[in-house]
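The residues making up each chain are set out below.
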Amino acid sequence: MNKFIGGLLGAGLLVASSFSAQAAETTIRISLQLPMKSHLGQNLLMFKEEVESKSKGAMEVQIYDSAQLFKDSEVPQAVGQGQIEAGVASLTRYVGDIPAVDVFFMPFLFNSEELVRKATAPGSPVRAPLDAAIAKTGSKVLWWQAYGGNILLTKDAPLKGPEDMKDKKARVFSKALGTWTAALGGAPTLISGSEQYLAYQRGTVDIGMTGISGVSARKLWEVMNTITRTNNADIEFIVVMNEDFFNSLPKDQQEIITTAARNAEVAVRDYVSTMEADAFKEAEANGMTVYEPTKEEIAAWQAASQPVIDAWLKESGPLAEQVYKAALSLRDSK
């Protein structure tokens, strides 16, 4: 993974410049809400380098980071309708059309890295039905980008149990997290990733939710000082491409994109395994306190959260039940 963290930007620019004399046959614009220095941005650079190199300049990949073109919430529609060729969005941004995507946000369901890897592997009984459902919105899933477990951010004191959520305003980024927050007595506020720094700075919310890599990429230690490491949800981003655009490409270009996407996915999944540990250390080095809930506290969180899973299954249809049962089967097979 160091391939796209250490020095890839320079390598990518060299690749691009070596073909600058040629006019690219195909231009692929990708919208990203995070800064380029984030691990998702660096992962896109890895994809860009491979595509441009293997196509010998016939394809050019342009990355628009920090929500320059579209906010995270706008990417599914923008890509599905062909306003842009590709984009990165939180998986949960598809919940309006596909409630089942929130399986990864069912509280404490994916409680280990091993289980997450099994569930997110291409063709897995959890992922495959979701990719197929997303394709019906006009977008082809190129690859999944691991982001890590969800954490809770606060000022001055950790959250030691569900009772600490009561009457608190919390930043959420999915319907399921909003439902979870409300079930525990909190007040959920949907805030995009690019806007959360200001929300914490201005006190719009009392509690933040994100992955630890987001703390580093956005320097959230400047506006929050405490992390509660609940890992109550698995955060996944997906890179999607307009289906019609992909199908219009020559077969050789499709193969280059598909191979580069798979390589990028393997790299980012492996990287996140070590990145999280380093990011927690970086947060502490910048003055944050990291709180690890006890087993008893986690048990209390789980018990209070079960009604959220029950309600989701009741409301979300056959696909949700299918992927939830698949997740339980993967967990039981450990």
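Predicted, not measured: the structure shown is a model, and the values here were computed from it.

**Concerning empty space enclosed by the protein**
Taken as a whole and judged by the stated rule, the model has one cavity of 30 Å³ or more. By volume, the largest cavity amounts to about 150 Å³. Lining the largest cavity are 16 residues, with Gln 33, Arg 171, Phe 173, Gly 193 and Phe 237 positioned closest to its centre. Among the elements of the structure, β7 (208–211), α9 (212–218) and β9 (234–242) are those that each provide at least two residues to the lining of the largest cavity. For the lining of the largest cavity, the class distribution of residues is five nonpolar, seven polar and four charged.

**Topic: the pairing of β9**
In summary, the side chains of a regular strand alternate between the two faces of the sheet. With nine of nine residues buried, β9 is to be regarded as a mostly interior element. Burial along β9 is two-sided: the face carrying Asp 234, Glu 236, Ile 238, Val 240 and Asn 242 and the face carrying Ile 235, Phe 237, Val 239 and Met 241 are both buried. Note: strand β4 (residues 139–154) against β9, nine bridges, orientation antiparallel. Looking at the pairing, Lys 140 lines up with Met 241 of β9.

**Considering the packing of helix α5 (residues 113–120) against helix α13 (residues 317–332)**
For the pair α5 and α13, the least separation of the axes is 10 Å and the interaxial angle reads 135°. The angle between α5 and α13 falls in the class oblique. α5 and α13 meet at a crossing whose hand is right-handed. Between α5, through Leu 115, Lys 118 and Ala 119, and α13, the contact on the second element is made entirely by Ala 327, Leu 330 and Arg 331. Looking at side-chain class alone, the contact of α5 with α13 contains four nonpolar, no polar and two charged residues.

**Considering the nonpolar core**
For soluble globular proteins, the rule of thumb is that nonpolar side chains tend to be buried together. Counting residues in hydrophobic clusters, the biggest one holds 84 residues, and the most contacted among them are Phe 47 and Phe 104. Phe 47 has contacts with Ile 30, Val 61, Trp 143, Ile 257, Ala 260, Ala 261 and Ala 264, leaving out every residue within four places of it along the chain. Formed by 22 residues, the second largest nonpolar core is a distinct cluster that contains Ile 151, Leu 153, Val 205 and Ile 212.

**Examining the confidence of the model for the protein**
For the protein, the mean per-residue pLDDT works out to 91, and 93% of the residues sit at or above 70. The model gives residues 6–21 a pLDDT under 50, and that stretch makes 16 contacts with residues more than four places away or in other chains.

**As for the packing of aromatic side chains**
Aromatic ring pairs are described here by two measures, namely the spacing of the ring centres and the angle between the planes. The full count for this structure, using the stated rule, is seven aromatic pairs. Each ring, one from Phe 105 and one from Phe 173, has its centre 5.6 Å from the other, and the planes form 80°; the classification is edge-to-face. Of this pair, Phe 105 sits in the loop between β3 (86–90) and α5 while Phe 173 is found in the loop between β5 (169–172) and α7 (175–183), placing the two residues 68 residues apart along the sequence. Phe 173 shares its class with Phe 105; the two are buried. Measuring from centroid to centroid gives 6.3 Å for Trp 312 and Tyr 324, while their planes differ by 75°, and the two rings are edge-to-face. With Trp 312 in helix α12 (residues 295–315) and Tyr 324 in helix α13, the pair connects residues that are 12 residues apart, well separated along the chain. The same class applies to Trp 312 as to Tyr 324, namely buried. Put simply, the rings of Phe 104, Phe 110 and Trp 144 touch in pairs and so form one group of aromatic residues.

So, how was this worked out
Residues numbered from 1 in each chain as written. Predicted model: local features only at pLDDT ≥ 70, side-chain atom pairs only at ≥ 80, totals over all residues. Heavy atoms only, no water. 1 Å grid on protein atoms, 1.4 Å probe; cavity = no way out; pocket = protein on both sides within 12 Å on 5 of 7 lines; lining within 4 Å. Points joined across faces, edges and corners; volume = space filled by probe spheres on them. Helix = DSSP H or I, 4+ residues; strand = E, 2+ residues; numbered from the N terminus. Nonpolar A, V, L, I, M, F, W, Y, C, P; charged D, E, K, R; others polar. Buried < 20%, exposed > 50% of the residue type's maximum accessible area, 1.4 Å probe, protein only. Pairing = 2+ DSSP bridges. Axes fitted to C-alpha atoms, helices over the stretch in contact; angles between N-to-C directions. Parallel < 35°, antiparallel > 145°, perpendicular 65-115°, else oblique. Left-handed = near helix turned anticlockwise from the far one by under 90°. Contact = heavy atoms within 4.5 Å. Core = buried A, V, L, I, M, F, W, Y, C linked by side-chain atoms within 4.5 Å. pLDDT = per-residue confidence, 0-100. Phe/Tyr/Trp six-rings, centres within 6.5 Å; stacked < 30°, edge-to-face > 60°.

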